[in-house]
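Below, each chain spelled out in residue letters.
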Amino acid sequence: MEARTEARRRDADQVAARRPRGRPKTASDDAKRAEIVAEARATFHELGYGGTTMDLVAARCRISKQTLYRLFSSKTELFMAIIAEHRASMLALPRDPEEDLPLDKALEQIFMIDIDEAAEREREAFIHFAVNEAQQFPEMASLLRTHGAEQSRQMLADWLGLQQKRGLIEIDDAISGARMLMNMIFGAMISHPGKLNDWPDRETRLRHLRQCIAIFVAGVQPHRKLR
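As the structure is a prediction and not an experimental result, all values here were calculated from the model.

All told, the structure shown has eight aromatic pairs when counted by the stated rule. Taking 6.4 Å as the distance between ring centres and 45 degrees as the angle between the ring planes, the aromatic pair formed by Phe44 and Phe129 counts as tilted. Taken together, the residues span a long stretch of sequence, with Phe44 in helix α2 (residues 29-51) and Phe129 in helix α7 (residues 117-134) at a distance of 85 residues. On the accessibility criterion, Phe129 (9% relative accessible area) is buried. Among the aromatic residues, those joined into a cluster by ring pairs are Phe44, Tyr49, Phe79, Phe126, Phe129 and Phe137. The ring of Tyr49 carries Lys75 above its face, with NZ or CZ at 4.3 Å from the centroid.

Set out below in structure tokens:
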């Protein structure tokens, strides 16, 4: 009897020795949030804002509703995360405040004017989705305006204000300057729903975008005082 008991104890010890100690490793919350945002974005595109529910996103992500609600408290918060991701695909801001690039090159990077075709198609698909859906859902339109366009404009204005403090530009109204830049660049870069893309090729459009930036940079150059 004692021999059998001792044998069982040895077997249990061997099993315990093979079992990894501590809690199983899980994906970090940041990684999980990124996965959820990607799946939710695809679901919004497929089923629209009204057809997308938190329950459906949880099911498609193969996670519990409890996990989803721990990371995103509501569909509104989830959609705001998608807007933030889209905003980052439109403007490379914020930037290192000590960045030492010529103003035109910095603006080319901020607006990502030479973005690859796959990324361009993805962000245009979101814009087309947003324009169409916002007409039906005022809540969504408000989120896009507040957390999309207005926040992007403010971030760009803050960057322009910093350049002014550094003595690199002169501008009376940074918000107005940001609005001007965004209208010029995005107006040429993005094809809107129902409108044909009238650029003969990407290189022609790229030259136009650089010309827009050059005109803006020339207009905000610091005035040199005459002696």
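That covers the picture; the talk isn't over yet.
This part is about unusual backbone geometry. Leaving glycine out, the prevailing phi sign among residues is negative, and the prevailing peptide bond configuration is trans. That bond from Leu93 to Pro94 is cis: its omega, 0 degrees, falls within 30 degrees of zero. In this fold, Pro94 is placed in the loop between α5 (75-90) and α6 (103-111). One non-glycine residue, Arg62, adopts positive backbone phi at about 60 degrees. With a phi angle near 50 degrees, Met112 is a residue other than glycine that sits in the positive phi range. With respect to the helices and strands, the residue Met112 is situated in the loop between α6 and α7.

Turning next to the packing of α6 against helix α10 (residues 202-219). Across the interface, α6 lies against α10 with an axial gap of 10 Å and an inter-helix angle of 135 degrees. What the angle tells us is that α6 and α10 run oblique. In this structure, α6 meets α10 at a crossing whose hand is right-handed. Together, Leu103, Asp104, Leu107 and Glu108 of α6 and Arg210, Ile213, Phe216 and Val217 of α10 make up the contact between the two elements. A per-class count over the contact of α6 with α10 returns five nonpolar, no polar and three charged.

Look at α5: 23 Å from first C-alpha to last across 16 residues, which is about the 22 Å you get at 1.5 Å a residue. Residues of α5 that are buried: Leu78, Phe79, Ala81, Ile82, Ile83, His86, Arg87 and Met90. Check the buried side of α5 and you find it contacts α2, α3 (54-61), α6, α7, α8 (138-165) and α9 (174-189).

Procedures and definitions
Residues numbered from 1 in each chain as written. Predicted model: local features only at pLDDT ≥ 70, side-chain atom pairs only at ≥ 80, totals over all residues. Heavy atoms only, no water. Phe/Tyr/Trp six-rings, centres within 6.5 Å; stacked < 30°, edge-to-face > 60°. Helix = DSSP H or I, 4+ residues; strand = E, 2+ residues; numbered from the N terminus. Buried < 20%, exposed > 50% of the residue type's maximum accessible area, 1.4 Å probe, protein only. Lys NZ or Arg CZ within 6 Å of the ring centre and 35° of its normal. Axes fitted to C-alpha atoms, helices over the stretch in contact; angles between N-to-C directions. Parallel < 35°, antiparallel > 145°, perpendicular 65-115°, else oblique. Left-handed = near helix turned anticlockwise from the far one by under 90°. Contact = heavy atoms within 4.5 Å. Nonpolar A, V, L, I, M, F, W, Y, C, P; charged D, E, K, R; others polar. Expected span 1.5 Å × (residues − 1).

Spatial relationships are all this shows, so hold off on functional conclusions.
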